[in-house]
Amino acid sequence: SAMGISSKILSFGNYLYQGIAAGCQPLMGYNYGAANYKRLRSLIRAAIIITTGIELAVMTACGIFAPVFAGLFSTNDTVIDIAALTLRGFMLTLPFVGTTSIVRNVYNAIGMPMYAFTITIVRQLVLYIPFLLLFNYLFGYRGLIHAQAAEEMLCVVFSVFLLRRSLKKMEEKA
């Protein structure tokens, strides 16, 4: 039940970055279609900065108040302790996952969904499963809850690299 509690609490942070990424998608598509790449870059940068800032605030709140938040769902001290530990591990993904989501939405907005799909495959299959297995083997339960954070850190590097390369090619064609 601790895993479910921490997942529900963390979903609040997930909804925030998903909303920003989805809200920016039409603007990204419009600027891409108008060949206004400078504004597209500016929009992407602003979305990433805003999302990262919000997610850092949510991450900080979850870190500080994890036992309080978990206590809203259970009165069992053991469940609260495990949920707080789990939430603190999961929250480390927040500053990274928002950027990855925005990059995927950029690719969908500019008519390149296979790149968005590639990022998802790299994220879930290429990075997450091996990290999950390795971290579980090395660190047990703590490894399980930190595997996604490690995966998200690498995935954001891959996503931003891919996006920069794509934007550079796009601008060279213009």
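Above this text sits the structure in question.
Scope of this entry: the structure provided in the associated data block. (Residues numbered from 1 in each chain as written. Predicted model: local features only at pLDDT ≥ 70, side-chain atom pairs only at ≥ 80, totals over all residues. Heavy atoms only, no water.)

**Structural notes on the pattern of salt bridges**
Any two side chains of opposite charge can pair if their charged atoms end up close together. Tallied over the entire structure, the rule returns 3 salt bridges. Its salt-bridge partner being arginine 123, residue glutamate 151 comes within 3.7 Å of it at the nearest N-O pair. Here glutamate 151 is found in helix H6 (residues 141-173), whereas its partner arginine 123 is found in helix H5 (residues 113-139), with 28 residues between them in sequence. Two residues, arginine 123 and glutamate 152, come together in a salt bridge whose shortest N-O distance is 2.7 Å. Linking arginine 123 in helix H5 with glutamate 152 in helix H6, this pair joins segments that are 29 residues apart in sequence. (Salt bridge = Lys/Arg side-chain N within 4 Å of Asp/Glu carboxyl O. Helix = DSSP H or I, 4+ residues; strand = E, 2+ residues; numbered from the N terminus.)

**What about the environment of arginine 88?**
Mapped onto the fold, arginine 88 is located in helix H3 (residues 77-90). With relative accessibility at 35%, the residue arginine 88 sits in the partly exposed group. With 72 residues separating them along the chain, arginine 88 and leucine 16 place their C-alpha atoms 18 Å apart. (Buried < 20%, exposed > 50% of the residue type's maximum accessible area, 1.4 Å probe, protein only.)

**Concerning the nonpolar core**
Among the nonpolar cores identified, the biggest contains 27 residues, and Met28, Leu40, Ile44, Val106, Tyr107 and Leu163 are the most heavily contacted of them. Listing elements by their share of this core, those giving two or more residues are helix H1 (2-33), helix H2 (37-71), helix H4 (94-109), H5 and H6. For this core, the leading source of residues is H6, giving 7 residues. Those residues in contact with leucine 163 that lie beyond four places of it in its chain are Ile44, Val103, Val106 and Tyr107. Judged by nonpolar contacts, the second largest core, of 18 residues, contains Met59, Ala70, Leu87 and Phe90. (Core = buried A, V, L, I, M, F, W, Y, C linked by side-chain atoms within 4.5 Å. Contact = heavy atoms within 4.5 Å.)

**Quick look at the environment of tyrosine 37**
Checked against the element boundaries, tyrosine 37 lands in helix H2. In contact with tyrosine 37, other than residues within four places in its own chain, are Tyr32, Met170, Glu171 and Ala174.

**Things to note about unusual backbone geometry**
Phi is positive for alanine 35, which is not a glycine, with a value near 55 degrees. Residue position: alanine 35 is located in the loop between H1 and H2. Residue classification places alanine 35 among the partly exposed positions, given a relative accessible area of 44%.

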